[in-house]
Amino acid sequence: MIESTVWVALPLTILTGGAFGLYVLARLLRLRNTHLAALTAGVFAVALLSLTPLFALVRAGAAPFFGAPTPGSAFLQADAAGLLLTAIACGLGVAVALYSGHYISLDQRFITYYPLLLMLIAGMIGMLLAADLFNLYLFCELMSISAYVLVAFRRHTDTAIEAGFKYLVMGSVGTLIMLLGIAFVYRETGQLTLPLENGIPGPWRRAGIACLLVGLGVKSAIVPLHTWLPDAYGRAPSSVSALLAAVISKSTLILMLKVALGLGLPAATLGLGLLLLSFLNMTLGNGLALVQTHTKRLLAYSSIAQTGYIMFSLGIGLRYELPAALQAGLFLLLTHAVMKATAFLSKGVCHFYCNTTLVTELRGTAQQLPLAALTFALSLAGLAGIPPLAGFVSKWFILTECLRAADWLAYVGLAIFLLNSLLALGYYLPLIVQLFTPAPARTGGAPARIGISPWMAVPLLTLAALIIAIGLYPGPWLAWVR
Amino acid sequence: MAINHMLLLTILGAPLLTALGLVVFQKKVARSAGWIAAAGAALSLAAVLALLPALRRDEISALALRWIPEAGIEFGLHVDWLTLPFLVTEAVVTLVAILYSWGYHQVDARTPNFYALLLLFAVGMSGTTIADDMFLFYIFWELMLIASCVLILVWGDGERRGAVALKYFIFTHAGSLMVLVGLILLYGETGSDSFAVLRAGQWALAPGLVTAVITLFILGFCVKMAIFPVHLWLPDAHTVAPMPVTIMLAAAMLSMGVYGILRFPMSIFSAEQLLPFAAPMMIAGIISEVYGALMALAEQDVKRIVAYSSVSQMGYILFGLGTLTREGVIGATLHVIYHAIVKALLFMVMGLVIRATGRRRIGELGGLGRSMPVVAVCAAIGALGIAGMPPLGIFTSEWMIFSGGFHTAHIGLSIVTLFSSLLTVIYALLLVGRIFVGAPPEGLKVGPLPKAMVLTTIAVTVLLIIEGLWPAPLFDWAEHELLLLLGGIL
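All values derive from a computational prediction rather than experimental measurement.

Colleague: Is there a simple way to think about the overall build of chain B in this case?
Modeller: A count of helices and strands for chain B gives 21 helices and 2 strands. In terms of overall dimensions, chain B has a C-alpha envelope of 70 × 60 × 45 Å along the principal axes. When the 490 residues of chain B are sorted by exposure, 63% land in the buried category. Contacts spanning at least 24 positions in sequence make up 82% of the contacts within chain B whose residues lie at least 6 apart. Accessible area for chain B stands at about 16,700 Å²; split by element, carbon and sulfur atoms hold 70% of it. Looking at chain B, you have 25 positive and 27 negative side-chain charges, and the mean spots of the two groups are 14 Å apart.

Put into C-alpha cells, the structure is as follows:
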C-alpha cells in the first residue's frame, strides 16, 4: 500500500491559493497589469515545478493519491494522461499570463482576469485528478464557470456577451446531463469512486455512462454537440481562446475515456464510438473551416478537426488494443496545444495592433508585424502537418499506428484522415498566403513596421521555437507522453 | 571513412549553414549575398564530386546517427550509384541557377532571403537523394516543396502568384501524401524506417499490399514528375516562378520523381512484381509525351512552351522506366542528366529574351538573331539538343529509351513513342526559329543583357556539348546503378 502523498494536491492548492491571494493583493496594493501578469506566470511556474515528483512517481509505476488510505475514499489520484495535460496547462499558463501582461492592458477589469485564469486551470486539474464522480463534477463546474466568464470578458461588446451566453447555456445543459448520469450511476451502485470495482454494468449504470458521455461530449465539442465552440473561441480574448482550445476542451475528452472505462464500458465499444465520431469531427471541422472569413472562427473549426484527429488516434488505440496509438493521440494533444496556442496568440497580436478580425484583413501583416506573421505561419504550417514541424511528427505516429491496426475500418479511417489533411491545406495555406501578401497600397506609402511588446514577443517566440524543436527532436517529448 | 562522413555532411551542411548565415546577417550581406550563396553551392558540389573516388573503390559512404530511438528512427545518410546521377545533376543545376541569379535578380533588402531559399531548395533536393531513412527522406522531400513554394509566392511574376503557389502546393502535397502512406506501409512491415533494412531484403509483403505500395509510389512520384493528367501544377508554377527557380524546378526537381521511382518501387521489388505496371507506365509516358508536345505547339507564352516541353520529356523518362529493360533504364537515367542541362539552357535563353525585350508572347518576338547573336547560337544548340540531334546528349538517351522499348513485348507502343519524338523537333525548331529568325516585329526594342546571365548561358551550352561528345562517364554511372535495381538482373 502506497502512502497518501500531498504532492497530488499541491498543484491544485497552489493555483487556487494563488487565485485568492492574487485578487486580495491586487485590491490591497492596487497592482498594475504587468505586475499581476508576472505574478500569475510565477504561480503557474511554481505549479509546474511542483509536478516533478509526481511525474517521477507515475513513471515508476505508482498511482499516487491524496486522501484516506482505504480503497474508494481517495480524494485525488494522479494518472499519466491527467498529469500530462496538467503540465501542458501550467506551461501554457505561464505563456498566456505573460502574454496578457500587454494584451489585457487596455481592459479595465484586468484584476478579475488573472484569478479567473488560475481558477480555470485549477478546475481543470482538479477535474482530471479527481478520484470520484462527485469531485469531478464539482471541479468541472469550477472550470466551466471560469470559462464562461472569460469568454464574455469583453462585456462591452454584444458579440462577446452572446457567445458567452451561448456557451453558458450549452455548457450548463452538458453539466446537468452529467449530473443526471452521476445520479443514475449512484442509484445502481451506491458509490461514486472511479474506477468502480464491481463487474458488469446494469441498465441504470449504462444510462449513466451514456449521460456522462453526452455531457462530456458537449464540453469537448464532439460533432454534433460542437455548436457553441466557434462562437466562444471566436469572441473570447485570444489569450483565453488559446487556453480553451489547447487544453480545456481536450481535457474533457481525456476525462471521457477515464470515466467511461472506469465505469465499465468495454474499451472496444468506446473505441469504435470515438472512431466513428472522429470522422464527423474531422470532416465537418475542416469543411466548415474552409468557408470561414473570420480568422478566429477558422481556427476554432480547425480545433474541431484536430479534436477529430486526436479522437481517431485514441479510438484506434482503444479498439485495437494498441497502447502506442494512445500515446500518438496524447502526443498530438501536446503538439496541438503548442501549435494552436501559438496560432491564437499570434492572431491576438494582429488584433491588438492592427485591429484585424477577417482573414482578408491579415494582408500585409508580414510588413507590419513580421514576428507575429512568422509565428502565425509556423503554427499554421505545423497544424497542416508540414515537415519538419511538430504537427508532422504526430501525423507520422498516428499513421504508423493506424496501419499497424490492419483492419478495414482502420484503412477507411486512414483514407478519411488523409483526405482531411489535404482538405485542411485548403484553409491553412491561403491564410499563410494572406499573411505574406503585401497590403494594397494606400495613400501615405507602405505601412510602417510596428514593434511588438516583449511581453507578447517572448512567449510567442518560445512557443514557436517549441514547434520546431518538437518537430526536429521529438524523442524526449515522446518519452514524456509515455 | 571519417572523410566520407564529413563529405556527406558537407553536401547538406554547406548550403544549409550558408542559408542560415544569409538570413541571420541579412542586413550586412545584401550586396554580396549572391557570391556567398554561390560559394555554399560550389562547396556542396565539390563535396559530391569528392565522393566519387570512394564510390569507385566500392567504399560505402554512409552515416547513421541516433535520432528518435523511441520510434526506431535514425538520422541516416547514404550515397550509392543510384544516388549519384541525381545528386550531381542537382548540385550543378543549383550552382548554375545561383550564378544566373546574379544577373537576373535585382538586389534589394530581401535579396539574402531569396538566395537562402534557393539554397534551402537545393538542400531539400540533395537531402532527398542522400537520405537513408524514411522519416528524413520525407522531411527533405517536403522541404523542397516548401522552399520553392515560398519562392514562387514572394518573388513570382504577376498578381496570380498566390493562387499558383497554392495550386502547386496542394497538387504536390497530395502526391507526397501517397508517397508517405507507401513509406509507412513499408515501415509497418519491416519495423524499421531505415533504407538499409529495405535493401537487405529480409522482409516480405502480402501480395495485395505489394500492389498497393507500388501503386502509391508510382502515382505519388508521377505527380512530382508532372505526368499527364497530374501535370496541372507544372505550367503555372514554371511560368510564374522567377527564372532561377524555374530552372531548378524543371531541371532538377522534376527528376526527384524519377529518383523516387528508381529508389522505391524499382530497387526494392522484383521484376515480376513490377511487371503488371510496365505497360501502364509506358502508356502514361506516351500520353505525356504527345500531350506535352502538342501543348508546347499551341502555347503562346515562351516560358509556358518550354514548361510543357518538360511534361513531354518526363513522359520519355517514364516510358524508359516502364520498359523495365537494361537499355530503357540506362536511357531514362541519362535522359535525366541531359534533360536537366538542355532544359536549364532553354529556360536561361528565354530568360534572356524576356529580359532584353520585355515581351513573353511568341507572336510579338522575332528576328532577335541579329541583335543578340551569341544568345541565338546558344538557343539553337539548345533546340537541337532537345530535338535529339546527334552528337548532343539527348540523341543518345532517347536512342537507349527507344531501344529499351523494342526489347519489350509492346512493339506498338515503342513505334508510337518513336514517331511522337518528331513533335519535339517541330516545337523546338519553331520556338527558336520564330524568336530569332525572320523580321523583327514593330516596336521591338532590345535592351542590354546582364553579363552574368549571358556568361552562365554560354557555360551551360559548352557543358551540353562536352556531355554529348564524351558520354562515357555517364554511361559508367548508369551501368553501376543498374546493379542496384530489380535485384541486379537487368
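Colleague: Would you mind showing me how to read the overall build of chain A here?
Modeller: Regarding its fold elements, chain A presents 19 helices and 2 strands. The C-alpha atoms of chain A give 22 Å as radius of gyration, which agrees with the globular expectation for 482 residues (23 Å, within 12%). Its C-alpha atoms give chain A principal-axis dimensions of about 75 × 60 × 40 Å. Considering chain A as a whole, with its 482 residues, one finds that 60% of them fall into the buried category. By sequence separation, contacts in chain A at least 24 residues apart represent 80% of the contacts at least 6 residues apart. Total accessible area on chain A stands at roughly 17,000 Å², and carbon and sulfur atoms take up 70% of it. Positive and negative charge centroids in chain A, built from 26 and 14 side chains respectively, lie 11 Å apart.

Colleague: Help me understand empty space enclosed by the protein in this model?
Modeller: The gaps left among the atoms become clear once a water-sized probe is rolled over them. Residues and elements named next belong to chain A. This structure, assessed with the given rule, holds 4 cavities of 30 Å³ or more. The space that makes up the largest cavity amounts to roughly 80 Å³. Along its surface, the largest cavity is lined by Q306, Y309, L332, M339, G382, L383, G385, G391, S394, K395, I398 and F417. Of all elements in the fold, only α12 (295-319), α13 (323-354), α15 (370-383) and α16 (390-405) reach the threshold of two or more residues within the lining of the largest cavity. A total of 4 residues in the lining of the largest cavity trace back to one element, the largest contributor, which is α16. Residues belonging to the lining of the largest cavity are distributed by class as follows: 6 nonpolar, 5 polar and 1 charged.

Colleague: What am I meant to see in the nonpolar core here?
Modeller: Nonpolar side chains in soluble globular proteins generally cluster together in the buried interior. With 372 residues, the main nonpolar core has I316 of chain A together with F137, L186, M266, I435 and F436 of chain B as its most contacted residues. Sorting elements by how many residues they give to this core places helix α15 (residues 326-357) of chain B first, with 21 residues. Sequence-distant contacts of M266 of chain B, that is, excluding residues within four places in its chain, are made with I261, L274, L321, L324, V329, L485 and L486 of chain B. Within the second largest apolar cluster, 6 residues are counted, among which are Y316, F319, I401 and F402 of chain B.

Colleague: Before we go on, may I ask you to explain unusual backbone geometry in this structure?
Modeller: In most cases, non-glycine residues show a negative phi, while peptide bonds are predominantly trans. Residues and elements named next belong to chain A. A cis amide bond links V223 with the next residue in sequence, P224, at an omega value of 10 degrees. Within the secondary structure, P224 is located in the loop between α8 (203-220) and α9 (228-235). You will see that R30, though not glycine, has its phi angle at about 50 degrees, which is positive. Relative to the helices and strands, R30 is located in the loop between α1 (10-29) and α2 (33-49). Overall, R30 belongs to the exposed group, its relative accessible area being 73%. Even without being glycine, E321 reaches a positive phi, approximately 50 degrees. With respect to the secondary-structure elements, E321 resides in the loop between α12 and α13.

Colleague: Help me understand the side chain of H336 of chain A in this model?
Modeller: Tracing the sequence through the fold places H336 of chain A in helix α13. For H336 of chain A, the contacting residues outside a window of four places in its chain are A245, K250, S303, Q306, A341 and L383 of chain A.

Colleague: Hey, could you run me through the pattern of salt bridges in this one?
Modeller: Should their charged atoms come close, side chains of opposite charge can pair. In total, this model carries 14 salt bridges over all chains according to the counting rule given. Among the salt bridges present, the one from E401 of chain A reaches R404 of chain A, with a minimum N-O distance of 3.4 Å. One end of the pair, E401 of chain A, and the other, R404 of chain A, are both in helix α16, 3 residues apart, so they sit about a helical turn from each other. Take E401 of chain A: its relative accessible area is 8%, and that puts it in the buried class. Note that D236 of chain B is salt-bridged to K167 of chain B, the shortest N-O span being 2.7 Å. Here D236 of chain B is found in helix α10 (residues 233-240), whereas its partner K167 of chain B is found in helix α7 (residues 161-190), with 69 residues between them in sequence. For D236 of chain B, a relative accessible area of 9% corresponds to the buried category. The class for K167 of chain B is partly exposed, based on a relative accessible area of 31%.

Colleague: Mind showing me how you'd approach a nonpolar patch on the surface here?
Modeller: Residues and elements named next belong to chain B. Residues V374, L455, I458, V462, I465, I466, L469 and W470 make up a contiguous nonpolar surface patch of roughly 750 Å² in combined accessible area. If one sorts the elements of the nonpolar patch by residue count, helix α20 (residues 451-469) sits on top with 6 residues. Mapping L469 onto the fold places it in helix α20.

Colleague: I tried to follow the pairing of strand β2 (residues 73-79) of chain B on my own but got confused; where do I start?
Modeller: Both faces of the sheet carry side chains from a regular strand, because those side chains alternate between them. Residue and element names in this part refer to chain B. Counting buried positions along β2 gives 5 out of 7 residues, so the element sits mostly inside the fold. Sheet analysis places strand β1 (residues 61-68) next to β2, joined by 7 bridges and oriented antiparallel. Looking across to β2, one finds that S61 is bridged to V79. In this antiparallel pair of consecutive strands, β1 and β2, the connection spans 4 residues, and G72 shows a positive phi of 65 degrees.

Colleague: Explain the packing of aromatic side chains here, please?
Modeller: Aromatic ring pairs are defined here through the distance separating the ring centres and the angle between the ring planes. Under the criterion given, the structure shown has 41 aromatic pairs over all chains. With a centroid separation of 5.6 Å and an interplanar angle of 80 degrees, the aromatic rings of F114 of chain B and Y115 of chain B are classed as edge-to-face. Residue F114 of chain B shares its accessibility class with Y115 of chain B, and that shared class is buried. Site record: aromatic cluster; members linked through ring pairs are F392 and W396 of chain A together with W67, F75, F135, Y138 and Y187 of chain B. A cation over a ring is seen here: K224 of chain B above W141 of chain B, with NZ or CZ 4.8 Å from the ring centre.

Colleague: In this structure, what is going on with the packing of α13 of chain A against α16 of chain A? I would like to understand it.
Modeller: Helix-helix packing is described using two parameters, namely the angle between the two axes and the distance between the axes. Residues and elements named next belong to chain A. Packing of α13 against α16 brings their axes to within 9 Å, and their N-to-C directions diverge by 165 degrees. As judged from the angle between their axes, α13 and α16 are roughly antiparallel. Once α13 is placed against α16, the crossing between them reads as left-handed. For the pair formed by α13 and α16, the contact residues are A324, A325, A328, F331, L332, T335 and M339 on the first element and A390, G391, V393, S394, F397, I398 and E401 on the second. Residue composition of the contact of α13 with α16, by class: 10 nonpolar, 3 polar and 1 charged.

Colleague: Before we go on, may I ask you to explain the environment of S61 of chain B in this structure?
Modeller: Residue and element names in this part refer to chain B. Looking at where S61 falls in the secondary structure, it is placed in strand β1. Here S61 falls in the buried class, since its relative accessible area comes to 1%. The sequence separation of S61 and D193 amounts to 132 residues, and the corresponding C-alpha distance is 19 Å. When residues no more than four places from it in sequence are discounted, the contact partners of S61 are N4, L8, L51, A54, L77, H78 and V79.

What counts, and at which threshold
Position numbers for residues start from 1 in each chain and track the written sequence from start to end. To read the labels, note that chains go from A and ligands from 1, taken in the order they are written. The predicted nature of this model means local features are confined to residues of pLDDT at least 70 and side-chain atom pairs, given and counted, to a pLDDT of 80 or more, with totals for whole chains, interfaces and linings taken over all residues. Think of the side-chain values as coming from all heavy atoms in the structure, minus any hydrogens and water. Labels follow the DSSP assignment, with helices taken as runs of H or I lasting at least four residues and strands as runs of E lasting at least two, numbered in each case from the N terminus. Between buried and exposed lies partly exposed: a residue is buried under 20% and exposed over 50% of the maximum accessible area for its type, with that area taken using a 1.4 Å probe on protein chains only. In this analysis, two residues are considered to be in contact whenever any of their non-hydrogen atoms come within 4.5 Å of each other. Only the protein chains shown count as cover for residues, and all accessible areas are computed by the Shrake-Rupley method using a 1.4 Å probe. The convention is simple: Lys and Arg are positive, Asp and Glu are negative, and His and the chain ends are not counted. A single reference atom marks each charge: NZ on Lys, CZ on Arg, CG on Asp, CD on Glu. In this treatment the radius of gyration is a C-alpha quantity, and the globule benchmark scales as 2.2 Å times the residue count to the 0.38 power. Only protein atoms enter the 1 Å grid, on which a cavity is a set of points fitting a 1.4 Å probe that cannot get out and a pocket is an open set with protein on both sides within 12 Å along at least 5 of 7 lines, lining residues being those with an atom within 4 Å of a point. Grid points are joined across faces, edges and corners, and a volume is the space filled by probe spheres set on the points. Classification convention: Asp, Glu, Lys, Arg as charged; Ala, Val, Leu, Ile, Met, Phe, Trp, Tyr, Cys, Pro as nonpolar; all other residues, Gly among them, as polar. The definition of a nonpolar core used throughout is a set of buried Ala, Val, Leu, Ile, Met, Phe, Trp, Tyr and Cys residues joined through side-chain atoms within 4.5 Å. Whenever Lys or Arg places a side-chain nitrogen within 4 Å of a carboxyl oxygen from Asp or Glu, that contact is recorded as a salt bridge. Only residues whose relative accessible area exceeds 30% and that form no salt bridge are eligible for patches; like-charged ones are grouped when within 9 Å, while nonpolar side chains (Val, Leu, Ile, Met, Phe, Trp, Tyr) are grouped when within 5 Å. Should DSSP find at least two bridges between two strands, the strands are taken to pair. Each pair of aromatic rings taken from Phe, Tyr and Trp, with Trp reduced to its six-membered ring, is defined by centres within 6.5 Å and is described as stacked if the planes are under 30 degrees apart, edge-to-face if over 60, and tilted in the remaining cases. Here, a charge over a ring is recorded when the distance from Lys NZ or Arg CZ to the ring centre is within 6 Å and its angle to the ring normal is within 35 degrees. Axis geometry follows a simple rule: fit a line to the C-alpha atoms, using only the stretch in contact for helices, then measure angles between N-to-C directions, giving values from 0 to 180 degrees. Each angle is binned into one of four classes, with values under 35 degrees roughly parallel, values over 145 roughly antiparallel, values of 65 to 115 roughly perpendicular, and all other values oblique. Here is the rule for handedness: rotate from the far helix to the near one, and if that takes an anticlockwise turn smaller than a right angle the crossing is left-handed, while a clockwise turn gives right-handed.

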